[in-house]
Amino acid sequence: MRRVVVVGAGPAGTAAARAAASFGVEVVLIDAAPTPGGRHRWDARGAGARAELPDEVEHLPESAVWAIEPVPGGHRVHVRTGPVDGPERTGRAIEARALVLATGAHDRALPFPGWDLPGVCTAGAARAMARDQGIAVGERVIVAGTGPFLLSAAVSLVEAGARVTAIFEAGDPVPGFITRPGGALAGWTKAGELARYAATLARHDVPLCRRSAVIAAFGKDRVEAVLAARLDRDWRPVPHSLRRFEVDAVAVGFGFTPQLELAVAARCDLEDGFVAVNAAQATSVPGVFAAGDLTGVGGADLAAAEGAVAGAAAAKLLGARVRAPIGAMRRVRAGRRFAAALAEAYPLRPGWREWLREDTPVCRCEEVAYGAFRRAVEELDVGDARVLELATGAGLGLCQGRICGRSVAELAGLPETADAFARRPIAAPVRLGELAEDVPVDEGP
Amino acid sequence: MRVRVDGEERIAEEGQTVAAVLLAAGRDSWRTTRFGGRPRGLFCGIGVCFDCLVVVNGVPDVRACLRPVAEGDDIRSQDGAEVPS
Ligand SMILES: Cc1cc2nc3c(=O)[nH]c(=O)nc-3n(C[C@H](O)[C@H](O)[C@H](O)COP(=O)(O)OP(=O)(O)OC[C@H]3O[C@@H](n4cnc5c(N)ncnc54)[C@H](O)[C@@H]3O)c2cc1C
Ligand code: FES
């Protein structure tokens, strides 16, 4: 098993694969998407070279990793290859001495009345649709939530031809936080990019309203209008500040939720809801490394730098002679400072709970209304996520709590909220017939 | 390439996802929920929410936001969800 398997071909995973291969070890890079580049394709337009892989990397596209298990001397990774969710996919198990997890993160969405209407989507969805597919999710769109990445979603929407009515930033970051030279962002290469976003938005007259949020969306079979409110420090709506906007789409994002299931299956320790790693990107489990959004969100550059460090460390574990990746480690340190400053500048405040009404679905899949949810929690002693699921139905649906898990854990007052729902036996959907199938095991060199 | 959306012929481009084809066809929902029969379409856009499930070539529960279209795909709206199947 002298091989590195990298899961996830975003900026982190491709950098890891490239680094490990440069030290002469065998590398297999697995990703569910047909092409490398990751969810947000940061470099698809600019430095296209980043998404291109050297020949030494064996890239398995359209391949979903649905389980990981420890085997003597390493891990076995279970893969299904073929068109997404198609029954014609083929199975395979690959063993590796070193495993790099780079599965990324997705936007966190908070529940609010009407968030289940078509036309309401995440900022990431709006951005990906606009940027990768050239389609704006609506003609008049409001972007709402918290964090600087809302700006890039808004810019992508504008570039795809949408009119962005406003950006509602629930937080109250220090004015100029993004563009100030010096301070938290010094040394962060993406700061210039964000300043450019701000300029584009100013040119298109897109107002950025601080301490404001979309607290309800209305419509019959799709969103037709929203209610926006000013928020107090704790994100409670300020009385008499409500305004109605006619829009046909809303893009929301309240920070990120890492895609933890494989890391949790491998039994990696977590810290503040992200995978804990040391300076070599090693997790608490020998032979398992993690990089990118999975360990904390700080943008594509940080993800790539972490990937480069993880790839080198994985190659070293296999016995390759490795030069210490000093440059990448320096970029990681700078990036982490930025990520920490980001997290601090854009915290979530508990007042969002006051946006909910009795009939607001807190779990989209099982359609569990807030009122029924609260009553179930009050009646039963709900001590952990399993009991919470069974008592309320929330988190039991198709997404297995990926969307609602953290929010319902917070609403129920569970002690551990960040990763309460991360323990899923199957990381990616497989059909029952596929589970029963015998698959070849590739033990590698 | 040619595909069908609920029986109607549409032109799609290489590299488009099924969700993009549906949105470009003016659709904002293509599934109804199991209990409330409520309409659903694109939400997370990256395969985690399972709102965008659709029937492709007779196979239900395909995530439209992740699935690239292929020549001749027959895309149909879905009632409820059938996973796991
Ligand atoms: C709305 C939005 C705006 C943003 N704006 C900016 C910005 O302006 N500047 C910036 O630098 N950053 C921005 N970011 C953040 C940036 O996208 C990320 O920090 C970066 O892309 C993380 O890279 P990654 O490699 O960790 O993960 P990703 O790029 O998410 O890649 C993860 C990969 O793992 C694969 N994967 C996951 N699970 C499995 C599995 N089980 N099997 C197989 N494959 C799997 C996925 O298919 C995916 O390709 C933004 C993010 C969002 C959501
Ligand atoms: S939109 Fe969430 S899975 Fe497709």
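Residues numbered from 1 in each chain as written. Chains lettered and ligands numbered in written order. Predicted model: local features only at pLDDT ≥ 70, side-chain atom pairs only at ≥ 80, totals over all residues. Heavy atoms only, no water.

Caption draft 1: Highlighting the overall build of chain B. The helix and strand inventory of chain B stands at 1 helix and 8 strands. Mapped from its N terminus to its C terminus, chain B presents α and β elements in the order β-β-α-β-β-β-β-β-β. The C-alpha atoms of chain B give a radius of gyration of 12 Å, which matches the 12 Å a tight globule of 85 residues would have. For the C-alpha atoms alone, the extent of chain B along its principal axes is close to 35 × 25 × 25 Å. Sorting the 85 residues of chain B into buried and exposed places 55% on the buried side. Put simply, of all contacts in chain B between residues at least 6 apart along the chain, 40% involve residues at least 24 apart. Total accessible area on chain B stands at roughly 3400 Å², and carbon and sulfur atoms take up 45% of it. Each charge class in chain B was averaged separately, 11 positive and 13 negative side chains, and the resulting centres sit 5 Å apart. (Helix = DSSP H or I, 4+ residues; strand = E, 2+ residues; numbered from the N terminus. Rg over C-alpha atoms; globule rule 2.2 N^0.38 Å. Buried < 20%, exposed > 50% of the residue type's maximum accessible area, 1.4 Å probe, protein only. Contact = heavy atoms within 4.5 Å. Areas by Shrake-Rupley, 256 points an atom, 1.4 Å probe, with all protein chains shown as cover. Lys, Arg positive; Asp, Glu negative; His and termini not counted. Charge placed at Lys NZ, Arg CZ, Asp CG, Glu CD.)

Caption draft 2: The arrangement of the side chain of serine 212 of chain A in detail. Considering the arrangement of structural elements, one finds serine 212 of chain A in strand β13 (residues 212-218). At a separation of 2.9 Å, a polar atom in the side chain of serine 212 of chain A contacts the main-chain carbonyl oxygen of arginine 210 of chain A. (Polar contact = N/O pair within 3.5 Å; in protein donor to acceptor, adjacent residues only side chain to side chain.)

Caption draft 3: View of the sheet that holds strand β2 (residues 26-30) of chain A. Residues and elements named next belong to chain A. In spatial order, the strands read β3-β2-β1-β7-β20; together these 5 strands make up an open sheet with parallel pairing. Lying at the two open borders of the sheet, with one neighbouring strand each, are β3 (57-60) and β20 (288-290). Taken pair by pair, the neighbouring strands of this sheet meet at an average axis angle of 20 degrees, ignoring direction. Each of β1 (3-7), β2, β3 and β7 (98-101) is contacted by helix α1 (residues 11-22), which is oriented at about 170 degrees to β2, the strand it contacts most. (Pairing = 2+ DSSP bridges. Axes fitted to C-alpha atoms, helices over the stretch in contact; angles between N-to-C directions.)

Caption draft 4: Spotlight on the environment of glycine 91 of chain A. Residue and element names in this part refer to chain A. On the secondary structure map, glycine 91 appears in strand β6 (residues 90-96). Exposure remark for glycine 91: the relative accessible area of 13% places this residue in the buried category. For the pair glycine 91 and arginine 131, spaced 40 residues apart in sequence, the C-alpha to C-alpha distance is 32 Å. Non-local contacts of glycine 91, meaning those with residues more than four positions away in its chain, are made with Val79, Arg80, Glu437, Val439 and Pro440.

Caption draft 5: Layout of the side chain of aspartate 73 of chain B. Structurally, aspartate 73 of chain B can be placed in the loop between β6 (59-63) and β7 (74-76). Here aspartate 73 of chain B is buried and forms no salt bridge, its nearest opposite-charge partner arginine 67 of chain B lying at an N-O distance of 5.2 Å. (Salt bridge = Lys/Arg side-chain N within 4 Å of Asp/Glu carboxyl O.)

Caption draft 6: Representation of the packing of aromatic side chains within the structure. Under the defined criterion, the tally for this structure stands at 6 aromatic pairs over all chains. In this structure, arginine 364 of chain A is placed above the aromatic ring of phenylalanine 43 of chain B, and the distance from its NZ or CZ to the ring centre is 3.6 Å. (Phe/Tyr/Trp six-rings, centres within 6.5 Å; stacked < 30°, edge-to-face > 60°. Lys NZ or Arg CZ within 6 Å of the ring centre and 35° of its normal.)

Caption draft 7: Quick look at the interface of chain B and chain A. Contacts between chain B and chain A engage 38 residues on the former and 40 residues on the latter. The largest share of the area that chain B buries against chain A comes from Phe43, Ile46 and Val48 of chain B, three residues that together contribute 22% of it. One can count 5 salt bridges joining chain B with chain A. Among the salt bridges present, the one from aspartate 28 of chain B reaches arginine 222 of chain A, with a minimum N-O distance of 2.5 Å. When contributions to the side of chain B that touches chain A are tallied by element, the ones reaching two or more residues are α1 (18-24), β4 (39-40) and β6 of chain B. The element best represented in the side of chain B that touches chain A is β6 of chain B, accounting for 5 residues. For the side of chain B that touches chain A, a count of residues per class yields 22 nonpolar, 8 polar and 8 charged. (Buried area = accessible area lost by both parts, 1.4 Å probe. Nonpolar A, V, L, I, M, F, W, Y, C, P; charged D, E, K, R; others polar.)

Caption draft 8: Fine view of the confidence of the model for chain A. Mean pLDDT over chain A stands at 89; residues scoring 70 or higher make up 93%. Scored below 50 in pLDDT, residues 42-50 of chain A makes 16 contacts in the model with residues more than four places away or belonging to other chains. (pLDDT = per-residue confidence, 0-100.)

Caption draft 9: Structural detail: helix α9 (residues 385-392) of chain A. Residue and element names in this part refer to chain A. Looking at α9, one finds that the buried residues are Ala385, Leu388, Glu389 and Thr392. For α9, the angular spread of the buried residues around the axis is 100 degrees, confining them to a single face. Summarising the contacts, the buried residues of α9 are in contact with β22 (368-369), α8 (370-379) and α10 (405-411). Glycine 393 lies just past α9 and shows a positive phi near 90 degrees. (Arc of directions from axis to C-beta.)

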